[in-house]
Amino acid sequence: SQQGEEDPQALSIQEGENATMNCSYKTSINNLQWYRQNSGRGLVHLILIRSNEREKHSGRLRVTLDTSKKSSSLLITASRAADTASYFCATDYAGNMLTFGGGTRLMVKP
Amino acid sequence: SQTIHQWPATLVQPVGSPLSLECTVEGTSNPNLYWYRQAAGRGLQLLFYSVGIGQISSEVPQNLSASRPQDRQFILSSKKLLLSDSGFYLCAWRFPLLGQYFGPGTRLTVT
């Protein structure tokens, strides 16, 4: 089935370091979206990147999309303890629905 | 601005009891609305989506049902809860070209 898969499943870094998370998917998409989820909370929309875009920035976040490899990456620069959360990619391939991966659990140590 | 509300925030229900979770959206009209379930430590599974009043599409066969009685109201229901219905239920609405935005979620524990 169409699904984004994040890699790694868990990541632990020191404050100030960069964190990179990857997402792979299987079929052509309209767009790909990244979300953050703090423990026990709802999902916060971070960035949407369309299939004809290769890179997008938002503050300390940088998202890339390689449609030839069917993959995306989320880079968080100069990480902070408050960035500790689970990060999910979701692929929009049918225009109305998203398919989520299992997420990357990021731990940023102070 | 658009906001999405869900209630209750947490719920503990015995097996076999009914369920009703509510989601409402403010600040937009005729939104696409979605119900997802998230098992502990897992990604989200789409349960239902709706493109308009009375229009419900189900993505997985299950013990749950959904209804959309009003344009900005989406309800998730069950007549008899199972233990496997425990999870974190999230409602979302789709903002065209900008993506899906989620409510705060309802944590359901079936005992």
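Please refer to the structure higher up on the page.
Predicted model only: the values in this text are computed from it and were never measured. (Residues numbered from 1 in each chain as written. Chains lettered and ligands numbered in written order. Predicted model: local features only at pLDDT ≥ 70, side-chain atom pairs only at ≥ 80, totals over all residues. Heavy atoms only, no water.)

With that settled, consider the overall build of chain B. When helices and strands are counted, chain B shows zero helices and eleven strands. Counting from the amino terminus, helix and strand elements in chain B follow one another as β-β-β-β-β-β-β-β-β-β-β. Taken against the 2.2 N^0.38 rule, which gives 13 Å for 111 residues, the C-alpha radius of gyration of chain B at 13 Å falls within 12% of a compact globule. Dimensions of chain B along its principal axes, counting C-alpha atoms only, are 40 × 30 × 20 Å. (Helix = DSSP H or I, 4+ residues; strand = E, 2+ residues; numbered from the N terminus. Rg over C-alpha atoms; globule rule 2.2 N^0.38 Å.)

Interface size is commonly expressed as the accessible area that is lost once the parts come together. Taken together, the contacts link 24 residues of chain B with 19 residues of chain A. Note on chain B versus chain A: buried area summed over both sides is about 1,500 Å², and carbon and sulfur give 52% of it. Three residues, Leu-44, Gln-100 and Phe-102 of chain B, lead the burial of chain B against chain A; their summed loss comes to 27% of the area buried on that side. Our count for the chain B to chain A interface comes out at zero salt bridges. On inspection of chain B and its partner chain A, the count reaches three residue pairs in polar contact (both at pLDDT 80 or more). Elements that contribute at least two residues to the side of chain B that touches chain A include exactly β4 (32-38), β5 (44-52), β9 (87-95) and β10 (99-102) of chain B. Its residues placed into classes, the side of chain B that touches chain A shows 13 nonpolar, seven polar and four charged. (Contact = heavy atoms within 4.5 Å. Buried area = accessible area lost by both parts, 1.4 Å probe. Salt bridge = Lys/Arg side-chain N within 4 Å of Asp/Glu carboxyl O. Polar contact = N/O pair within 3.5 Å; in protein donor to acceptor, adjacent residues only side chain to side chain. Nonpolar A, V, L, I, M, F, W, Y, C, P; charged D, E, K, R; others polar.)

Residue and element names in this part refer to chain A. One can find Thr-104 in strand β11 (residues 104-109). A polar contact of 2.5 Å, which involves the side chain of Thr-104, links it to the backbone oxygen of Pro-8. Setting aside residues up to four positions removed in sequence, Thr-104 forms contacts with Glu-6, Asp-7, Pro-8, Gln-9, Leu-11, Met-21, Ala-85, Ser-86 and Tyr-87.

All names here are of chain A. According to the stated counting rule, one finds five salt bridges over all chains in the structure shown. A salt bridge links Asp-83 to Arg-60; the nearest nitrogen and oxygen atoms lie 2.9 Å apart. Taken together, the positions of Asp-83 in the loop between β8 (71-76) and β9 (85-92) and Arg-60 in the loop between β6 (55-58) and β7 (61-66) put the pair 23 residues apart, joining distant regions of the chain. Since its relative accessible area comes to 22%, Arg-60 is described here as partly exposed. (Buried < 20%, exposed > 50% of the residue type's maximum accessible area, 1.4 Å probe, protein only.)

What follows concerns the sheet that holds strand β3 (residues 19-26) of chain B. Residue and element names in this part refer to chain B. Read from one edge to the other, the open sheet built from four strands follows the order β1-β3-β8-β7, with strand pairing classed as antiparallel. Unpaired on one side and paired on the other, β1 (3-7) and β7 (65-70) mark the two borders of the sheet. When strand polarity is set aside, the average angle formed by the axes of neighbouring strands in this sheet is 20°. Bridging between β3 and strand β8 (residues 73-78) involves six bridges; their strand directions are antiparallel. Looking across to β8, one finds that Leu-21 is bridged to Leu-76. (Pairing = 2+ DSSP bridges. Axes fitted to C-alpha atoms, helices over the stretch in contact; angles between N-to-C directions.)

Residue and element names in this part refer to chain B. Applying the stated criterion across every chain, the model contains two disulfides over all chains. In this model Cys-23 forms its disulfide with Cys-91; the gap between the sulfur atoms is 1.9 Å. Given an S-S torsion of about -70°, the disulfide between Cys-23 and Cys-91 has left-handed geometry. One end of the pair, Cys-23, is in strand β3; the other, Cys-91, is in strand β9, with 68 residues separating them in the sequence. (Disulfide = S-S within 2.5 Å.)

Here we take up the pairing of strand β6 (residues 55-58) of chain B. Residues and elements named next belong to chain B. In the sheet, β5 pairs with β6 via three bridges, with the strands oriented antiparallel. The residue bridging Gly-52 from the neighbouring strand is Gln-55, located in β6. Remark: two residues form the turn of the hairpin made by β5 and β6, two consecutive strands paired antiparallel; Gly-54 in that turn has positive phi of roughly 75°.

It is worth spelling out the packing of aromatic side chains at this point. Counting across every chain of the model gives nine aromatic pairs over all chains. A ring pair is formed by Tyr-35 of chain A and Phe-100 of chain A, whose centres lie 5.5 Å apart and whose planes are at 45°; its orientation type is tilted. Here the residue Tyr-35 of chain A occupies a position in strand β4 (residues 31-37), and Phe-100 of chain A occupies one in strand β10 (residues 98-100), the gap between them amounting to 65 residues. A single burial state applies to Tyr-35 of chain A and to Phe-100 of chain A, both of which are buried. The rings of Tyr-35 and Phe-100 of chain A together with Tyr-34, Tyr-36, Tyr-49 and Phe-102 of chain B are connected pair by pair, giving a single aromatic cluster. (Phe/Tyr/Trp six-rings, centres within 6.5 Å; stacked < 30°, edge-to-face > 60°.)

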